[in-house]
Amino acid sequence: MPFIHFQDVSKSFGQTRVVENLDLEVEKGEFLSLLGPSGSGKTTILMMLAGFENASSGTILMDGERIEDLPPHRRGIGVVFQNYALFPHMTIAENVAFPLQMRGLGKAEIGERVRQGLERVRLGHLGDRRPDQLSGGQQQRVALTRALVFEPKVVLMDEPLGALDKQLREEMQLEIRELHRRLGLTVVFVTHDQGEALTMSNRIAIFDKGRISQIGTATAVYDHPENAFVAQFIGETNLLNATVAASDAAGTVLTLEGGPELRAGPGPTFRQGSVVMTSVRPERLHLHDDPRLGSIETRVDDVVYQGDHLRLHLSRGPLRLIARAERRLGAPALGGPAHVTVDPADVAVFPA
Ligand SMILES: Nc1ncnc2c1ncn2[C@@H]1O[C@H](COP(=O)(O)OP(=O)(O)OP(=O)(O)O)[C@@H](O)[C@H]1O
Ligand SMILES: [Mg+2]
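Residues numbered from 1 in each chain as written. Chains lettered and ligands numbered in written order. Predicted model: local features only at pLDDT ≥ 70, side-chain atom pairs only at ≥ 80, totals over all residues. Heavy atoms only, no water.

Undergrad: What is the right way to look at the overall build of the chain in this model?
TA: Helix and strand counts for the chain come out as eight helices and 20 strands. Counting the 352 residues in the chain, one finds 48% classified as buried. Of the roughly 17300 Å² of accessible surface on the chain, a fraction of 48% belongs to carbon and sulfur atoms. Each charge class in the chain can be summarised by its mean position, and for the 38 positive and 44 negative side chains these summaries are 3 Å apart. (Helix = DSSP H or I, 4+ residues; strand = E, 2+ residues; numbered from the N terminus. Buried < 20%, exposed > 50% of the residue type's maximum accessible area, 1.4 Å probe, protein only. Areas by Shrake-Rupley, 256 points an atom, 1.4 Å probe, with all protein chains shown as cover. Lys, Arg positive; Asp, Glu negative; His and termini not counted. Charge placed at Lys NZ, Arg CZ, Asp CG, Glu CD.)

Have a look at this one:
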């Protein structure tokens, strides 16, 4: 039995459907990230789970029980929302104590839990300050502590690290991962940062217009995108138009724009002559100085240094490719040839 279960949940605001027939299961202890463009419904899903919005139809179960009629504070869910800031007129300690007071705990126990919670995020010495006397990162750590202090079963985080600089963000990512592991929390995490989703999550759900476009492990969605939207949304990719020359259970042979051939491994089969899209990650293009069996001859149009690697712009007639090459292999000559091969297992094919 899944721990959290959205069953055919839809949500409309007025005439606008923003979540469409959502079926989503989250396991106990899982770290699930929701990714998707602005307006795709991520926050709305968290708000329904937390109890701040009602679903228009469908059922949400937690531990097998319907939660629609439970008020937010009875759902055992901690929230860290970017727009759900600390109470400015309260001290840090009072902020953290608030959810415990709401739940009617005794004074001594509240004091002890607040102390422990703030210690855990190394803010024990700042309990008497007000939020505006803390840095952005410290405030986020307080918000996290406030969300965890009543030992929720589930923590929902809506872009909790969005406002932080890169270094602090990475520190907080480690901290959240550590808390997730240590406390066995179930986390549903919304982020705009796909790198963050790939490193933090057990699974990622990619949303498009209120629907799940694909859900799976980081490697599954990155290596085996099921459609062009996901391929483009996660990581960088070469998304190319192609025509099917042949296709069966063993693989598909594609003709790319301008005529070169590209082979894809086993996967769905397509009608010969049909127009499809194919996706190949830049780091999956192998470059050679000389032609090989099945290689595509391209021209090197541009070489861009990117610190640890090179980004190459390649072309062949109308075909444009981006490749990523390790710097230690040396830069190919501008305007010179590069012969490209791709492992069929690294080629994804979708209906156009
Ligand atoms: N209270 C509301 N009333 C009317 N429309 C709303 C309301 N809340 C959200 N919406 C609309 O629902 C859609 C989904 O919004 P939501 O906030 O869930 O998107 P999101 O995926 O979290 O986007 P972002 O990445 O920008 O935070 C948007 O089109 C938004 O305008
Ligand atoms: Mg949002």
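Undergrad: Mind showing me how you'd approach empty space enclosed by the protein here?
TA: Which parts of space are left empty comes out when a probe the size of a water molecule is rolled across the atoms. Across all of its chains, the model carries one cavity of 30 Å³ or more by this definition. Size it by volume and the largest cavity reaches roughly 40 Å³. The residue inventory of the lining of the largest cavity, partitioned by class, reads nine nonpolar, no polar and no charged. (1 Å grid on protein atoms, 1.4 Å probe; cavity = no way out; pocket = protein on both sides within 12 Å on 5 of 7 lines; lining within 4 Å. Points joined across faces, edges and corners; volume = space filled by probe spheres on them. Nonpolar A, V, L, I, M, F, W, Y, C, P; charged D, E, K, R; others polar.)

Undergrad: What is the right way to read the site of ligand 1 from this model?
TA: The immediate surroundings of ligand 1 are formed by Phe13, Val18, Pro37, Ser38, Gly39, Ser40, Gly41, Lys42, Thr43, Thr44 and His192. Within the side chain of Ser38, one N or O atom sits 2.5 Å away from an oxygen atom of ligand 1. Within the contact set of ligand 1, an oxygen atom lies 2.8 Å away from a side-chain nitrogen or oxygen of Lys42. The fraction of the free accessible surface of ligand 1 (630 Å²) that becomes covered by protein chains is 59%. With three residues, the single largest contributor to the shell around ligand 1 is helix α1 (residues 42-50). Looking at the shell around ligand 1, its residues break down into three nonpolar, seven polar and one charged. (Near = heavy atom within 4 Å. Polar contact = N/O pair within 3.5 Å; in protein donor to acceptor, adjacent residues only side chain to side chain.)

Undergrad: Looking at this structure, how should I read the environment of Glu94?
TA: In this fold, Glu94 is placed in helix α2 (residues 92-102). Taking the relative accessible area as the measure of exposure, Glu94 reaches 40% and is therefore partly exposed. Between the C-alpha atom of Glu94 and that of Gly127, which follows or precedes it by 33 residues, the distance is 8.0 Å.

Undergrad: So what exactly am I meant to see when it comes to the packing of α2 against helix α4 (residues 136-148) here?
TA: A pair of packed helices can be characterised by two numbers: the angle between their axes and the separation between those axes. It is the contact of α2 with α4, at a shortest axis distance of 7 Å, that shows an interaxial angle of 25°. Classified by the angle their axes make, α2 and α4 are roughly parallel. Note that α2 runs across α4; the crossing there is right-handed. Across the interface between the two elements, Ile92, Asn95, Val96 and Pro99 of α2 pack against Val142, Thr145 and Arg146 of α4. Partitioned by chemical class, the residues of the contact of α2 with α4 number four nonpolar, two polar and one charged. (Axes fitted to C-alpha atoms, helices over the stretch in contact; angles between N-to-C directions. Parallel < 35°, antiparallel > 145°, perpendicular 65-115°, else oblique. Left-handed = near helix turned anticlockwise from the far one by under 90°. Contact = heavy atoms within 4.5 Å.)

Undergrad: Would you explain the environment of Val275 in this entry?
TA: Note on placement: Val275 falls in strand β14 (residues 275-280). Residues Val275 and Thr243, 32 residues apart in the sequence, show an inter-C-alpha distance of 4.6 Å. Once you skip the residues sitting within four places of it in the chain, Val275 turns out to touch Ala242 and Ala352.

Undergrad: Looking at this model, I keep getting lost on the sheet that holds strand β20 (residues 348-351). Mind explaining?
TA: Sheets are built from strands that pair by backbone hydrogen bonding, the pairs being arranged parallel or antiparallel. A sheet is described by the order of its strands in space; here five strands give the open sequence β13-β12-β11-β14-β20, paired in antiparallel fashion. Taken across any chain shown, the strands that pair with only one partner, and hence form the sheet edges, are β13 (261-264) and β20. Across the sheet, the mean angle separating the axes of adjacent strands is 40° when strand polarity is ignored. (Pairing = 2+ DSSP bridges.)

Undergrad: Which parts of the structure should I look at to understand the sheet that holds strand β7 (residues 154-158)?
TA: Pairing is mixed across the open sheet formed by six strands, whose spatial order is β6-β7-β8-β3-β9-β10. Each having just a single partner strand, β6 (77-81) and β10 (211-216) make up the two edges of the open sheet. The mean angle between the axes of side-by-side strands here comes to 15°, regardless of whether they run parallel or antiparallel. Of the pairings in the sheet, the one linking β7 to strand β8 (residues 186-190) comprises five bridges and is parallel in character. From the neighbouring strand, Met157 faces β8, where its bridge partner is Phe189.

Undergrad: Please clarify how the nonpolar core should be interpreted in this entry.
TA: Grouped burial of nonpolar side chains is what soluble globular proteins tend to show. In this structure, Val114, Val142, Leu144, Met157, Ile176 and Phe189 are the most contacted members of the largest nonpolar core, which totals 32 residues. When residues of this core are traced back to their parent elements, those giving at least two are α2, α3 (107-120), α4, β7, α5 (166-183) and β8. The element best represented in this core is α4, accounting for five residues. Sequence-distant contacts of Val114, defined by excluding residues within four places in its chain, comprise Ala93, Val96, Ala97, Leu100 and Val149. Of all hydrophobic cores here, the second largest spans 28 residues; its members include Ile4, Val19, Leu24 and Val190. (Core = buried A, V, L, I, M, F, W, Y, C linked by side-chain atoms within 4.5 Å.)

Undergrad: Where do I start with the pairing of strand β11 (residues 238-248) in this structure?
TA: Side chains on a regular strand alternate between the two faces of the sheet. Relative to β14, β11 is paired through six bridges, and the arrangement is antiparallel. Considered in β14, the bridge of Ala242 is made with Val276. By the bridge criterion, six bridges tie β11 to strand β12 (residues 251-256) in an arrangement that is antiparallel. When the bridges of β12 are listed, Asp248 appears paired with Gly251. Between β11 and the antiparallel strand that follows it, β12, lie two residues.

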